[in-house]
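# Structural overview
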Amino acid sequence: MNAREFADAVRDRNETALSRLGSSKSLYADTGGELEPATVLAAAADAEHAAAETFEAWAETADEDAAAVFAETAAEERDHYEQVAAELDDHEPSDAVPAIQAYLRDLDDTVERLGGLVGRTLAAEKSKEQTTGFFVGQAKPTTASLFRELGGDLDGQLDRATALLAERCETESDWERALDAADGAIQTAYEEYTERLESMGVNPKPVC
């Protein structure tokens, strides 16, 4: 397996979860059903802040090459938080830790962390697409453009993580551990999405 094949495998193995995380219901779940611009911005800011804290902590405990990957991603997420928070009159990050970040923080092996980072990045791509679409629909092109630009950083995050994985995975067993970690990140996000919608009496599955 190589870097590109790994990312494709994660997408294939989690096609349903990623599709639903990329649906309009994802914002409904993230905001508790309050689909207002300020609420959407606050939820996005909280997500960016939590991600920055996760990757900053990883950078402090990793070896040099992995620390560089995690630190660069953390810096991007911190910048994302600041840009999103600037769209709000005032924002105090929530103390609540998103399920996906709690899952990632339990990983302590570099290969698993890199796999988890790939999973988180693919889930975040879906979130950014929905948030961009929301602000397009709200006739707020500047804010939509901001989230489109933030989504562009995810390509680099994915490339860095998969490139280092290709260096670190010496056996098929290593690749499988990374895949399992990526699956775990996405499925944890999906489970939280499902639980939130069900708690609001909303069917998380698309209606055909």
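Residues numbered from 1 in each chain as written. Predicted model: local features only at pLDDT ≥ 70, side-chain atom pairs only at ≥ 80, totals over all residues. Heavy atoms only, no water.

### Describing the packing of helix 1 (residues 3-13) against helix 7 (residues 110-137)
Here is the rule: Lines fitted to C-alpha atoms define the axes, with helix axes restricted to the stretch in contact, and inter-axis angles between N-to-C directions lie between 0 and 180 degrees. For helices the rule is a DSSP run of H or I covering at least 4 residues; for strands it is a run of E covering at least 2, with both sets numbered from the N terminus onward. If an angle is under 35 degrees, it is roughly parallel; if it is over 145, roughly antiparallel; if it lies from 65 to 115, roughly perpendicular; otherwise it is oblique. In a left-handed crossing the near helix is turned counterclockwise from the far helix by less than a right angle, and in a right-handed crossing that turn is clockwise. Contacts are assigned to residue pairs with any non-hydrogen atoms lying within 4.5 Å of each other. By the convention adopted, Pro, Cys, Tyr, Trp, Phe, Met, Ile, Leu, Val and Ala count as nonpolar, Lys, Arg, Asp and Glu as charged, and the other residues, Gly among them, as polar.
At a closest axis distance of 11 Å, the pairing of helix 1 and helix 7 adopts a crossing angle of 60 degrees. With respect to helix 7, the axis of helix 1 lies oblique. When you trace helix 1 past helix 7, the crossing you get is right-handed. In this structure, helix 1 contributes Phe6, Ala7, Val10 and Arg11 to the contact, and helix 7 contributes Gly115, Val118, Leu122 and Glu125. Among the residues making up the contact of helix 1 with helix 7, the classes are represented as 5 nonpolar, 1 polar and 2 charged.

### Notes on unusual backbone geometry
With phi around 60 degrees, Ala139 is a residue other than glycine that occupies positive phi space. Take Ala139: it is sitting in the loop between helix 7 and helix 8 (141-168).

### Looking at the side chain of Thr73
Selection rule: Between buried and exposed lies partly exposed: a residue is buried under 20% and exposed over 50% of the maximum accessible area for its type, with that area taken using a 1.4 Å probe on protein chains only.
Looking at where Thr73 falls in the secondary structure, it is placed in helix 5 (residues 64-85). With relative accessibility at 0%, the residue Thr73 sits in the buried group. When near neighbours in sequence (up to four residues on either side) are disregarded, Thr73 contacts Phe55, Leu117, Gln157 and Arg160.

### Some points on the nonpolar core
For clarity, the threshold we go by: Residue types Ala, Val, Leu, Ile, Met, Phe, Trp, Tyr and Cys, when buried and joined through side-chain atoms within 4.5 Å, form a set referred to as a nonpolar core.
Counting 42 residues, the largest nonpolar core has Phe6, Val10, Phe70, Val118 and Leu165 as its most contacted members. If you list the elements that add at least two residues to this core, you get helix 1, helix 2 (15-21), helix 4 (37-61), helix 5, helix 6 (99-105), helix 7, helix 8 and helix 9 (172-199). No other element matches the 11 residues that helix 9 contributes to this core. Dropping the residues within four chain positions of it, Phe6 is found in contact with Met1, Gly115, Val118, Thr162, Leu165, Trp175, Ala178, Leu179 and Ala182. Grouped together as the second largest cluster of nonpolar side chains are 15 residues, Leu41, Ala44, Leu88 and Leu150 included.

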